[in-house]
Amino acid sequence: MKLCLTIGVSKAPPLSYLPGAITAAHEMGDWARQAGFTTEVITDEGETRVTIQRIRESLKGMLASNDEVELFVLHFAGHGFRSGAEQNMWLPSDWFDETRAISVEGLKRQLYRHGIRSLTIFGDACRSLPADIDTADIFGDPVLPRGPYEAQAPIIDRFNAVVDGQQAYMLKGDGKAPDRCVFSTVLIEGLCGFRDEAFDKYLPDCVIPESLALFSKDRLREIGEIYDLQCKPDCATGIPREHAVYFQRGGSPHGLPPPKWPAPPEVVQEPDDGSRELHIRLPNIHEFSRPLQARLLTRHIRDGLSIQREADFRDFNLSIHGAVPKAIWSTSSVEKFFTEGGVTHYRVSSKKQGAIQILVEFEDGVFASAVVYPMLVTFLVRDGRNEINWTCVSRWDWGPDPLSTYIETIVDLQAGNLAADQVDDIAARLRSAKHVNPTLGAIASYLYDYSGDIDSIRRMAFFYCDYGQAIPFDVAFMGLLQSTDSGHGSLVTEVPPVRERPYSAANQKLPRWVTDATRPAMGEIAGLWPWLRQGWQFMENPEPAEKAVAENLGDVAAFLLPSQFSSFKAEGARILVQKFNLEESR
């Protein structure tokens, strides 16, 4: 059985009108039906709105059968933005009033429980960071409840109209051709076999994910030259390469006309009404340039290093910069050492526990979340823009070089510069001296999840166990690891074995914790809730294996603050304090 759901949202006020999204949804539906897919087309034509509830009901109806789904194609054309490390949001008609968007990664994860062998996601939406606090505070909805099967990641193919941080485009119709979403139209040309360049060179009669990706990049470059647009798609295809066939010569009836493109203008000028853009421009959430961001964040963390050089590093394991805390809430005792120059040092006890969950309360009612590890020092920074950032440094290797590596990754996270193709490089930096940096692992888990690479997440989890460290909450959760209560105020999990990565020239340059086969292992989970904000969307409908971790955490999501690392309004923090019996230290 093959399924296709295509969604076109032309009206998502207060954002601009996108009539090309309707064209895109219908043409994608026409392709899918002639290719033998059971197909649903959802648009907002007339007065009918596209809502999360409507999408949910359509998906539940499509997935009701117990038949295995050979291939599921999910297509969206409309407004969107990016909210975290490869965390993409699609906006339904009522996104502004409901303050909820479609979480692409959340929906993808819910589809894991529906017996899908291959999943293709076509995203014709912007991937820039939100420009204002209202948009940044939109919460991602995973759309579907839990499905009937055990969670199993399918082979995933991702086709995005643009790379991170960019806007996609729509062309206005000219009377002979309709309004057109550029990326969706290029996809249709390839999916329907209208262009010879879309066929695979090894399977010459077939359009497969890899050949479609190569065609899309070349064709968009050509379209960009014709219409004076900067079109650079982001495509990632799964293996084996022939796992999905979108079109085959001599297969299903053709019968579809090639899409007509609007005539290019004789003289291309920058319009003043935004009509060239498929989506409203959502510039970077930060007002500073990236180099200045890096300098500011680096300065905040490094401000206390001169004190550390004079102090006995064994005296404290938590250093808070940028604002003086009102209190620390924790599952363990916390001793305040001293405050100097806006930097406060603490000793968090870990006599009976490993990694310790903490909440840092500030005078204005903001609560920052972090985790303190034995033999590591946690640096937490609240900067002038109220962003919360934190990382851990080994006691044996805490100098400027490793710290700069961690800071660089966090700055890239905040600035929206982390992409899935960087994940192996980030994972390669995990180890410092005798320890594996937990914050880098948490970030990497979301990047691996983007392409459904559960094995790499579990491989990281094993190496935390192997180095005697607790597994970051996000790594355990994104790796679909089953958790149980240890009886000592923490959670433990069993990490299943993972096969060695297939050989490639690039793999041989990576450290063993990125490529090796691993054996089963048991380990403690560090923290009691997600370290990064984007993890909270998965708390609403957890897998059975995740229930011990996520149960009763769904209510907290409404009180999250718009920072990449988890931070809360007072109401949310009080829920956590009560649920986990956190104690206050001043």
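Residues numbered from 1 in each chain as written. Predicted model: local features only at pLDDT ≥ 70, side-chain atom pairs only at ≥ 80, totals over all residues. Heavy atoms only, no water.

Draft legend 1. A look at the packing of helix H12 (residues 438-450) against helix H13 (residues 454-466). Taken N-terminus to C-terminus, the directions of H12 and H13 make an angle of 165 degrees; their axes are 8 Å apart at the nearest point. It follows that H12 is roughly antiparallel to H13 by the angle criterion. Note on packing geometry: the crossing formed by H12 with H13 is left-handed. Where H12 abuts H13, its residues Pro438, Gly441, Ala444, Ser445, Tyr448 and Asp449 lie against Ile454, Ser456, Ile457, Met460 and Tyr464. Class assignment of the residues belonging to the contact of H12 with H13 gives a composition of 7 nonpolar, 3 polar and 1 charged. (Axes fitted to C-alpha atoms, helices over the stretch in contact; angles between N-to-C directions. Helix = DSSP H or I, 4+ residues; strand = E, 2+ residues; numbered from the N terminus. Parallel < 35°, antiparallel > 145°, perpendicular 65-115°, else oblique. Left-handed = near helix turned anticlockwise from the far one by under 90°. Contact = heavy atoms within 4.5 Å. Nonpolar A, V, L, I, M, F, W, Y, C, P; charged D, E, K, R; others polar.)

Draft legend 2. H12, seen in detail. Between its first and last C-alpha, H12 extends 19 Å over 13 residues, near the 18 Å set by a 1.5 Å rise per residue. The element H12 is largely enclosed, with a buried count of 13 among its 13 residues. Phi for Gly452, located one or two positions after H12, is positive at around 75 degrees. (Expected span 1.5 Å × (residues − 1). Buried < 20%, exposed > 50% of the residue type's maximum accessible area, 1.4 Å probe, protein only.)

Draft legend 3. Focus on the packing of aromatic side chains. Inspection of every chain in the model, using the stated rule, returns 17 aromatic pairs. Ring plane angle 80 degrees and centroid distance 6.4 Å describe the contact between Tyr373 and Trp531, whose orientation is recorded as edge-to-face. Pair noted here: Tyr373 is in the loop between strand S20 (367-372) and strand S21 (376-382) and Trp531 is in the loop between strand S28 (521-526) and helix H16 (547-550), with a separation of 158 residues, a long-range link. Each member of the pair, Tyr373 together with Trp531, is buried. Ring plane angle 50 degrees and centroid distance 6.0 Å describe the contact between Trp390 and Phe565, whose orientation is recorded as tilted. Highlighted residues: Trp390 in strand S22 (residues 388-394) and Phe565 in the loop between H16 and strand S29 (567-568), separated in sequence by 175 residues. When its relative accessible area of 1% is taken as the criterion, Trp390 is described as buried. Directly above the ring of Phe199 sits Arg249, whose terminal nitrogen or CZ lies 3.6 Å from the centroid. (Phe/Tyr/Trp six-rings, centres within 6.5 Å; stacked < 30°, edge-to-face > 60°. Lys NZ or Arg CZ within 6 Å of the ring centre and 35° of its normal.)

Draft legend 4. Region of interest: the sheet that holds strand S2 (residues 38-43). In spatial order, the strands read S2-S1-S3-S7-S9-S13; together these 6 strands make up an open sheet with mixed pairing. Edge positions in the sheet fall to S2 and strand S13 (234-236), since each of these pairs with one other strand and no more. Shown here is a sheet whose adjacent strand axes are inclined to one another by a mean of 10 degrees, direction ignored. The strands touched by helix H4 (residues 104-111) are strand S3 (69-77), strand S7 (116-124) and strand S9 (155-160); relative to S7, the strand with the most contacts, the crossing angle is about 165 degrees. (Pairing = 2+ DSSP bridges.)

Draft legend 5. A look at the nonpolar core. Counting 130 residues, the largest nonpolar core has Phe72, Leu359, Trp529, Trp536 and Phe568 as its most contacted members. Look past the residues within four positions of Trp536 in its chain and what remains in contact with it is Phe139, Trp529, Pro530, Leu553, Val556, Ala557, Leu560, Ser566, Phe568 and Leu576. Ala161, Ala168, Phe215 and Phe247 belong to the second-largest nonpolar core, a separate cluster that totals 38 residues. (Core = buried A, V, L, I, M, F, W, Y, C linked by side-chain atoms within 4.5 Å.)

Draft legend 6. Main features of the packing of helix H6 (residues 182-191) against helix H7 (residues 209-227). As a packed pair, H6 and H7 sit with axes 10 Å apart at the nearest point and diverge in direction by 130 degrees. When the axis of H6 is compared with that of H7, the two are oblique. The hand of the H6/H7 crossing is right-handed. Taking contact as the criterion, the partners of Val182, Phe183, Val186, Leu187, Glu189, Gly190 and Leu191 in H6 are, on H7, Leu212, Phe215, Ser216, Arg219, Leu220 and Ile223.

Draft legend 7. Representation of the sheet that holds S28 in the model. Pairing is mixed across the open sheet formed by 4 strands, whose spatial order is S25-S28-S27-S26. Because the sheet does not close on itself, it has two edges, and the strands there are strand S25 (471-472) and strand S26 (483-485). Strand direction decides the pairing type here: S26 and strand S27 (residues 491-495), joined by 3 bridges, are antiparallel. Looking at the pairing, Ser483 lines up with Thr493 of S27.

Draft legend 8. Focus on the pairing of S9. Counting buried positions along S9 yields 5 of 6 residues, so the element is predominantly enclosed. Note: S7 against S9, 6 bridges, orientation parallel. Among the inter-strand pairings, Ser118 is bridged to a residue of S9, identified as Ile155. Here 3 bridges tie S9 to S13, and the two strands are oriented antiparallel to one another. When the bridges of S13 are listed, Arg158 appears paired with Ala236.

Draft legend 9. Spatial organisation of H7. The end-to-end C-alpha separation of H7 is 26 Å, in line with the 27 Å expected for 19 residues at 1.5 Å each. What H7 keeps buried is the set Pro209, Ser211, Leu212, Ala213, Phe215, Ser216, Arg219, Leu220, Ile223, Gly224 and Tyr227. For H7, the elements touching its buried residues are S7, S9, strand S10 (170-171), H6, strand S12 (206-207) and S13. Two residues or fewer after H7 comes Asp228, characterised by a positive phi angle close to 60 degrees.

Draft legend 10. Just the side chain of Ser10, in detail. With respect to the secondary-structure elements, Ser10 resides in the loop between strand S1 (2-8) and helix H1 (20-34). Polar side-chain contacts of Ser10 include one of 2.8 Å to the side chain of Asp44. (Polar contact = N/O pair within 3.5 Å; in protein donor to acceptor, adjacent residues only side chain to side chain.)

Draft legend 11. Representation of the confidence of the model for the protein in the model. On average, residues of the protein carry a pLDDT of 84, and 83% of them reach 70 or more. Mean pLDDT values for the elements of the protein range from 46 in helix H9 (residues 305-310) up to 97 in S1. Taken as a whole, residues 267-294 scores under 50 in pLDDT and shows 71 contacts with residues more than four places along the chain or in a different chain. pLDDT under 50 marks residues 303-307. Its contacts with residues more than four places away, or in other chains, come to 8 contacts. (pLDDT = per-residue confidence, 0-100.)

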